[in-house]
Amino acid sequence: MTLTLETRPLDRVSDFPAIPEGWAYLDTAATAQKPQAVVDAITRAYGETYATVHRGVYQRSADMTVAYEVARRAVARFIGAGSPDEIVFVRGATEAINLVATCWAGTQLKAGDRILLSMLEHHSNIVPWQMIAEARGVAIDVLPLTADHRIDLDAMERMITPAHKLVALGHVSNVLGSVLDAKRATEIAHSVGAKILLDGCQSVPRIAVDVTAIGCDFYVFSGHKLYGPTGIGVLWAKPELLDAMPPYQGGGSMIDKVSFAKTTYAPAPGRFEAGTPHIVGALGLHAAIDYVESIGLAAIHAHETALVTATREALSGINSVRLYGPADSAGIVSFTIEGVHPHDIGTILDEERVAIRAGHHCAQPLMEMLGVEATARASFGVYNGPADVDALVRGIARVTRIFG
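The protein has the name Cysteine desulfurase in an unreviewed UniProt entry, where Sphingomonas aerolata is given as its organism. You can read under Sequence similarities (unreviewed entry) in the UniProt record for the protein the words "Belongs to the class-V pyridoxal-phosphate-dependent aminotransferase family. Csd subfamily."

Listed below in structure tokens is the structure:
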């Protein structure tokens, strides 16, 4: 069959050198392919302008320091932060969550306090809190999902108490694509004095994010899902929280003055960026943000919504296919085929030159709630189009014939 989009296709596949003609890459939720602009920025930084930052008195080091801090300003603007000093560069969202767990929750929470998560969280937004809960004598409560697989905020209003000091939720589910009403969740958390952390890994590549308008306390995301390089991510936090948090690691750059008698620390964000940072990663992230902004998040969201709609409509016509998540999921379609393990689905689709994800997607509690061991997941990016949806549907038809 041939599918059409209600919105004009972005037709951006030619920007991505690692996507050959005829290969449908539908695993963007795991990691996005990189546009030539990002590859060029990384190559230029390593091949022409490379130097360390914050330390050298020579011109190239000064120039690279400026570029590194300009990247921080770009991130701040991109997510609506009040100041670049609210942006901490980390290795990824996982490190950002662990940093908050160690430096905020690990110093602020005490026995009897509670943390509130949801059933759809990625392991990276579960395990660090479990480690802190065990160390500090803190309890964890879990929000249920609605019938259409969204975080149940009505249940959140009923469940939250003054004992809850932290809420940590995914802004967009990496399995279901369901979008959290982040502002309402923040208001509920703040109604009892709790802080709220939002995992933005799947949201920042797809929808406009304004942390100031949302009002949350912490926001995290990874660069590689935003068409940027691996090994770079962002922690945003309100300045008063950063100022009150102790360092995450000790070493060079994060200090004010060192002596054997006493060491004092630099203000945020430097306090949390010990050692030589991932300089080129920050520059690559800046290039990725410029690329996304050149297209526009509204256009990206409309494009991915059209692809999701076309995919769900096509798959819903196959009796053996079960779909998960809401109809308006953001760029992600998870499904199972009766009697077929998702790994087999993925293997056969790979033979058809369609790349999807198959497994528990680092969300085993969610899989248990859904009553499955794993799902197959197709996730879209700016380089996908109707032909990729057609290829996916043809591949699934082959799966059903083989296992029929």
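A. Representation of the overall build of the protein within the structure. When helices and strands are counted, the protein shows 13 helices and 15 strands. Taking 22 Å as the expected radius of gyration for a compact globule of 404 residues, we find that the protein reaches 22 Å, a close match to that expectation. Oriented by its inertia axes, the alpha-carbon framework of the protein measures out at about 75 × 55 × 30 Å. With 404 residues in all, the protein has 55% of them scored as buried. Within the protein, contacts between residues separated by at least 24 positions form 70% of all contacts whose residues are at least 6 apart in sequence. One finds the centroid of the 33 positive side-chain charges in the protein at a distance of 5 Å from the centroid of its 43 negative side-chain charges.

B. Quick peek at the UniProt feature "domain: Aminotransferase class V" (unreviewed entry) in the protein. Mapped onto the present numbering, the UniProt feature "domain: Aminotransferase class V" (unreviewed entry) falls at residues 25-392. Annotation note: span residues 25-392, helix share 40%, strand share 17%, distance between end C-alpha atoms 10 Å.

C. Representation of the confidence of the model for the protein in the model. Mean pLDDT over the protein stands at 96; residues scoring 70 or higher make up 98%. Considering each helix and strand of the protein separately, the mean pLDDT is smallest for strand 9 (residues 255-258), with a value of 93, and largest for strand 6 (residues 195-199), with 99.

D. Broad picture of the side chain of S178. One can find S178 in the loop between strand 5 (164-170) and helix 6 (182-191). Residue classification places S178 among the buried positions, given a relative accessible area of 4%. Here the side chain of S178 touches H149 through a polar contact of 3.0 Å, landing on its backbone oxygen. Not counting the four nearest positions on each side in its chain, S178 is found in contact with L120, H149, R150, H171, V172, S173, P326 and S329.

E. Local environment of the domain arrangement of the protein. Taken domain by domain, the protein consists of domain 1 (13-35 + 296-403) and domain 2 (38-293). One C-alpha centre belongs to domain 1, the other to domain 2, and the line joining them spans 28 Å. It is P35, L297 and L366 that lose the most area in domain 1 upon contact with domain 2, and together they represent 20% of the buried surface on that side. For the interface between domain 1 and domain 2, the tally reads two salt bridges. Across the pair E304 and R206 runs a salt bridge whose closest N-O atoms are separated by 3.0 Å. At the junction of domain 1 with domain 2, the criterion picks out 24 residue pairs in polar contact (both at pLDDT 80 or more). Elements represented by at least two residues in the side of domain 1 that touches domain 2 include exactly helix 10 (297-316), strand 12 (332-337), helix 12 (364-370) and strand 15 (375-379). Looking at which element gives the most residues to the side of domain 1 that touches domain 2, the answer is helix 12, with six residues. Tallied by class, the residues present in the side of domain 1 that touches domain 2 amount to 22 nonpolar, 15 polar and five charged.

F. Broad picture of the pattern of salt bridges. Throughout the structure, instances matching the rule amount to 18 salt bridges. The partner of R77 in a salt bridge is E293, and the shortest N-O contact between them spans 2.7 Å. Linking R77 in helix 2 (residues 59-79) with E293 in helix 9 (residues 279-295), this pair joins segments that are 216 residues apart in sequence. A relative accessible area of 48% means that R77 is categorised as partly exposed.

G. Expanded view of the sheet that holds strand 8 (residues 233-237). Strands sit in the order 2-8-7-6-5-3-4 across an open sheet of seven strands; the sheet is mixed. The open sheet has two edge strands with one neighbour each: strand 2 (87-90) and strand 4 (139-143). Each adjacent strand pair in this sheet contributes to an overall mean axis angle of 20°, direction not counted. Judged from the five bridges that link them, strand 7 (residues 218-222) and strand 8 form a sheet pairing that is antiparallel.

H. Representation of the sheet that holds strand 15. Taken together, four strands build an open sheet; the order of strands is 11-12-15-14 and the sheet is antiparallel. Two strands in the sheet have a free side with no partner beyond their single neighbour: strand 11 (321-324) and strand 14 (357-359). The mean inter-strand angle of the sheet, taken between neighbouring strand axes irrespective of direction, is 30°. When strand 11 meets strand 12, the two strands line up antiparallel, connected through four bridges. Residue R322 lies in a different strand from strand 12, and its bridge partner there is T336. Contacting strand 11 and strand 12, helix 10 runs over the sheet at an angle of about 15° to strand 12.

How each quantity is defined
Residues numbered from 1 in each chain as written. Predicted model: local features only at pLDDT ≥ 70, side-chain atom pairs only at ≥ 80, totals over all residues. Heavy atoms only, no water. UniProt positions renumbered as here; feature names shortened; annotations may be inferred. Helix = DSSP H or I, 4+ residues; strand = E, 2+ residues; numbered from the N terminus. Rg over C-alpha atoms; globule rule 2.2 N^0.38 Å. Buried < 20%, exposed > 50% of the residue type's maximum accessible area, 1.4 Å probe, protein only. Contact = heavy atoms within 4.5 Å. Lys, Arg positive; Asp, Glu negative; His and termini not counted. Charge placed at Lys NZ, Arg CZ, Asp CG, Glu CD. pLDDT = per-residue confidence, 0-100. Polar contact = N/O pair within 3.5 Å; in protein donor to acceptor, adjacent residues only side chain to side chain. Domains from an automatic or database assignment. Buried area = accessible area lost by both parts, 1.4 Å probe. Salt bridge = Lys/Arg side-chain N within 4 Å of Asp/Glu carboxyl O. Nonpolar A, V, L, I, M, F, W, Y, C, P; charged D, E, K, R; others polar. Pairing = 2+ DSSP bridges. Axes fitted to C-alpha atoms, helices over the stretch in contact; angles between N-to-C directions.

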